[in-house]
Amino acid sequence: MLWGEVAALLTAVCWSFTAVFFSYSGSRIGSDVVNRSRLVFAFGFLLIAHRILEGQFFPTGVEPFRWGWLAASSVIGLVLGDAFLFQAYVLIGPRLAMLMMSTVPIISVLFGWLLFGETIASVELAGVVLAVAGVAWVVTEVRGDPSLADRANYNKGLLFGLLGALGQVLNLVTARYALVDDFSAISATVIRILIAMIILWGVALVRGQFLGTFDKWRDRRVLGAIIAGSAFGPFLGIWLSLIAVQNARLGIASTLMALPPILLIPVEYLVYRQKISRRGMAGTVVAMVGVAMLFLL
């Protein structure tokens, strides 16, 4: 059965839409506001879905060790990792930010080997080399003659993208420990979102930004983008990603979830009217060929 692989592919589709919606809303009201706002809407969607699928709004009788691993996964992935990724959306745009996330399979293969005994064959190593080369080819492209400020933001965006990728890997690893014995992926998602929501809104309260967040929702276009991004990202995307890591090898699942850069090429051109350079296209293709080699083993 290929349920894990199919779920990973659908995750990539969801995250492609999420990148566009959150890039737009983050540029309008700030990535921090979007990061905590999306969790509120996603949590509402999840409670309804959990009631339909599991017969109750919130999971009960969950063992302490699962709470511990899910809490770690939530903090690393949804709080820290996504904070870096959302800031990368604003600084370098959705396609390039997601391209940095294509390094996730590379790191995941290594973690899968170290922690779960997943072997690395010669074809996989070749795929790793191609993926790294493709990413490096794109991100080192000289874009005209940018100012020092633009170059600093660009480099910062690349760094945040890589930190987001590392957070994504550690998020999947810790979540996998919580999903043993066929624990419900939707239940795990509800718990992870709740923990992240408490942390991020708690920080907003301490900083005096709690009520100000709701003022940002008055922009209907921004609010619509946040709700749409929440539906595709922390609701469907995270749910599907947990199904993927529960039913497929970590490296394979991560590989398929790294496809948004390819999916975002026509979107970025049509929506943002941003030309994609030949070098950008070539580098993206090379990176995805490497990713595909990891999958085809």
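As the structure is a prediction and not an experimental result, all values here were calculated from the model.

**Student:** What is the right way to read the environment of Arg38 from this model?
**Tutor:** One can find Arg38 in helix α2 (residues 31–54). The class for Arg38 is buried, based on a relative accessible area of 2%. Placed 16 residues apart in sequence, Arg38 and Phe22 show a C-alpha to C-alpha distance of 9.1 Å. The residues contacting Arg38, other than those within four sequence positions of it, are Phe22, Leu78, Asp82, Phe86, Ile226, Ser230 and Pro234. Here the side chain of Arg38 touches Asp82 through a polar contact of 2.9 Å, side chain to side chain.

**Student:** Whenever I open this one, the side chain of Gln168 confuses me. Can you help?
**Tutor:** With respect to the helices and strands, Gln168 occurs in helix α7 (residues 148–178). Setting aside residues up to four positions removed in sequence, Gln168 forms contacts with Trp15, Met101 and Val104.

**Student:** Help me out: how do you make sense of the nonpolar core in this one?
**Tutor:** Soluble, globular proteins show a tendency: their nonpolar side chains are buried together. Counting 79 residues, the largest nonpolar core has Tyr89, Val245 and Met257 as the members making the most contacts within it. Per-element tally for this core: the top contributor is helix α8 (residues 185–206), with 12 residues. Excluding residues within four positions of it along the chain, Val245 makes contact with Leu172, Arg176, Leu179, Leu250, Ala253 and Met257.

**Student:** Would you mind showing me how to read the packing of α2 against helix α10 (residues 220–247) here?
**Tutor:** For any two helices packed against each other, the geometry is given by the interaxial angle and the distance between the axes. The N-to-C vectors of α2 and α10 enclose an angle of 55°; their axes lie 8 Å apart at closest approach. Taken together, the axes of α2 and α10 are oblique relative to one another. Helix-helix and strand crossings are classified by hand; for α2 and α10 the assignment is right-handed. Contacts between α2 and α10 involve Val34, Ser37, Arg38, Phe41, Ala42, Phe45, Leu46, Ala49 and Leu53 on the former and, on the latter, Leu223, Ile226, Ile227, Ser230, Ala231, Pro234, Phe235 and Trp239. A per-class count over the contact of α2 with α10 returns 14 nonpolar, 2 polar and 1 charged.

**Student:** What is the right way to read the packing of α8 against α10 from this model?
**Tutor:** Axis separation between α8 and α10 bottoms out at 9 Å; the angle between their running directions is 125°. With respect to each other, α8 and α10 are oriented oblique. Every pair of crossing elements has a handedness; the one defined by α8 and α10 is right-handed. For the pair formed by α8 and α10, the contact residues are Ala185, Ile186, Ala188, Thr189, Arg192 and Ile193 on the first element and Pro234, Ile238, Trp239, Leu242, Ile243 and Gln246 on the second. Its residues assigned to classes, the contact of α8 with α10 comprises 9 nonpolar, 2 polar and 1 charged.

Conventions we followed
Residues numbered from 1 in each chain as written. Predicted model: local features only at pLDDT ≥ 70, side-chain atom pairs only at ≥ 80, totals over all residues. Heavy atoms only, no water. Helix = DSSP H or I, 4+ residues; strand = E, 2+ residues; numbered from the N terminus. Buried < 20%, exposed > 50% of the residue type's maximum accessible area, 1.4 Å probe, protein only. Contact = heavy atoms within 4.5 Å. Polar contact = N/O pair within 3.5 Å; in protein donor to acceptor, adjacent residues only side chain to side chain. Core = buried A, V, L, I, M, F, W, Y, C linked by side-chain atoms within 4.5 Å. Axes fitted to C-alpha atoms, helices over the stretch in contact; angles between N-to-C directions. Parallel < 35°, antiparallel > 145°, perpendicular 65-115°, else oblique. Left-handed = near helix turned anticlockwise from the far one by under 90°. Nonpolar A, V, L, I, M, F, W, Y, C, P; charged D, E, K, R; others polar.

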